[in-house]
Amino acid sequence: MLKFLGSVARVAFGFILASIAAGFVTMLFVNTPSEVLNQPMSRLPRTAGETFELALLTATHVAIFACIFALIVGGLGEIFSLRRLPFYLIGGVAIASLGFLAQYASEVQGEPTIFNNYALKAFLTTGFVAGFVYWLAAGQFAGRAPVETAHPPSSADVADQPPSDALTVDPAPVRQSPSLVTPRPTYRTLLKRLSFRADETANHDAEGGTKGPASSEKR
């Protein structure tokens, strides 16, 4: 449900921006920038305000006419996860062409016709820009996000891997030999310390006594 509401909000947001862009592009063909800039500076703010109001009014008419067709294009994009720019450019130009034909069909005989190159260029450019704006706002995010699948390693990747014999094996940890010197025990009383000291002296004298004769015999 949340995904559906997100898709609807995305399509609506992109459609609103595309309609506003279409209104402003249409007004640029009605009041060209060169004509606006050639006016006196005192009239420029008023002209800009009038152009802005007419652009919003035109955007409203565009949205009313194109809402059904834009919903079809946006719905197809969301259902099939169409995110490529050409799809929305073609859709915008197609909707603008339908608008041009509808405007031409509603003309009254005897009045100026819209069937001319300048008007056709204006409609096609408007559709192109509207499709591009919709793609920027919503089309490129249409549908679900692509899921990346893990591919099995190719034969080239397997060949690049080193053989199992070449793999380095961590050497076994070197065992340290225990210390040959036995640490002295810690005694709490002075009498026990003196006893240990006396035994150590006696052992040293005994070892010295055994080594003495052996050294004299060698001499």
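Residues numbered from 1 in each chain as written. Predicted model: local features only at pLDDT ≥ 70, side-chain atom pairs only at ≥ 80, totals over all residues. Heavy atoms only, no water.

A. Region of interest: the side chain of Thr 126. Locating Thr 126 in the fold gives a position in helix H5 (residues 117-137). Residue Thr 126 is classed as buried on the basis of its relative accessible area of 9%. Setting aside chain neighbours within four positions, we find Thr 126 in contact with Ala 22, Val 25 and Thr 26. (Helix = DSSP H or I, 4+ residues; strand = E, 2+ residues; numbered from the N terminus. Buried < 20%, exposed > 50% of the residue type's maximum accessible area, 1.4 Å probe, protein only. Contact = heavy atoms within 4.5 Å.)

B. Representation of the UniProt feature "transmembrane region" (unreviewed entry) in the protein in the model. Summarizing the sequence annotation, UniProt attributes the feature "transmembrane region" (unreviewed entry) to residues 12-32, 52-73, 85-106 and 118-137 in the numbering used throughout. In residues 85-106, the share of helix is 95% and the share of strand is 0%. The end C-alpha atoms are 32 Å apart. (UniProt positions renumbered as here; feature names shortened; annotations may be inferred.)

C. Structural context of the pattern of salt bridges. Within the structure shown, the criterion is met by two salt bridges. Residue Glu 50 is joined to Arg 46 by a salt bridge in which the shortest nitrogen-to-oxygen separation is 3.3 Å. Of this pair, Glu 50 and Arg 46 both sit in helix H3 (residues 44-79), four residues apart, which is roughly one turn of that helix. Taking the relative accessible area as the measure of exposure, Glu 50 reaches 33% and is therefore partly exposed. Residue Arg 46 is classed as exposed on the basis of its relative accessible area of 55%. (Salt bridge = Lys/Arg side-chain N within 4 Å of Asp/Glu carboxyl O.)

D. Spatial organisation of helix H1 (residues 2-30). The terminal C-alpha atoms of H1 lie 42 Å apart, and with 29 residues this matches the ideal 42 Å at 1.5 Å per residue to within 8%. Buried within H1 we find Ser 7, Val 11, Gly 14, Phe 15, Ala 18, Ser 19, Ala 21, Ala 22, Gly 23, Val 25, Met 27 and Phe 29. Against H3 and H5 lie the buried residues of H1. (Expected span 1.5 Å × (residues − 1).)

E. Just the packing of helix H4 (residues 85-105) against H5, in detail. Where H4 contacts H5, the axes come no closer than 7 Å and their chain directions differ by 145°. The hand of the H4/H5 crossing is right-handed. Contacts from Leu 85, Tyr 88, Leu 89, Gly 92, Val 93, Ala 96, Ser 97, Gly 99 and Phe 100 in H4 reach Ala 119, Leu 120, Phe 123, Leu 124, Gly 127, Phe 128, Gly 131, Phe 132, Tyr 134 and Trp 135 in H5. Split by residue class, the contact of H4 with H5 holds 14 nonpolar, five polar and no charged. (Axes fitted to C-alpha atoms, helices over the stretch in contact; angles between N-to-C directions. Left-handed = near helix turned anticlockwise from the far one by under 90°. Nonpolar A, V, L, I, M, F, W, Y, C, P; charged D, E, K, R; others polar.)

F. A look at the environment of Arg 144. Within the secondary structure, Arg 144 is located in the loop between H5 and helix H6 (155-160). Classification of Arg 144 as exposed rests on a relative accessible area of 65%. Separated by 65 residues in the primary sequence, Arg 144 and Ile 79 have C-alpha atoms spaced 8.7 Å apart.

G. Molecular detail of the confidence of the model for the protein. Overall, the predicted model of the protein reaches an average pLDDT of 80, with 66% of residues at or above 70. Confidence drops under pLDDT 50 across residues 210-219; counting only partners more than four residues distant or on other chains, this segment forms zero contacts. (pLDDT = per-residue confidence, 0-100.)

H. Here's a closer look at a nonpolar patch on the surface. On the surface, Phe 65, Ile 68, Phe 69, Ile 72, Leu 76, Ile 79, Phe 80, Leu 98 and Leu 101 cluster together to form a nonpolar patch covering roughly 860 Å² of accessible area. Contributions of two or more residues to the nonpolar patch are made by H3 and H4. Among the elements that line the nonpolar patch, the one with the most residues is H3, at six residues. Within the secondary structure layout, Phe 69 lies in helix H3. (Patch = residues over 30% accessible without salt bridge, like charges linked within 9 Å, V, L, I, M, F, W, Y side chains within 5 Å. Areas by Shrake-Rupley, 256 points an atom, 1.4 Å probe, with all protein chains shown as cover.)

I. Fine view of the nonpolar core. Counting residues in each nonpolar core, the largest one holds 14 residues, and the members touching the most others are Tyr 88, Ile 95 and Tyr 134. Within the residue set of this core, elements represented by two or more residues are H1, H3, H4 and H5. Broken down by element, this core gets its largest block of residues, four residues, from H1. Contact partners of Tyr 134, with chain neighbours within four places excluded, come to Val 11, Gly 14, Phe 15, Ala 18, Gly 74, Tyr 88 and Gly 139. (Core = buried A, V, L, I, M, F, W, Y, C linked by side-chain atoms within 4.5 Å.)

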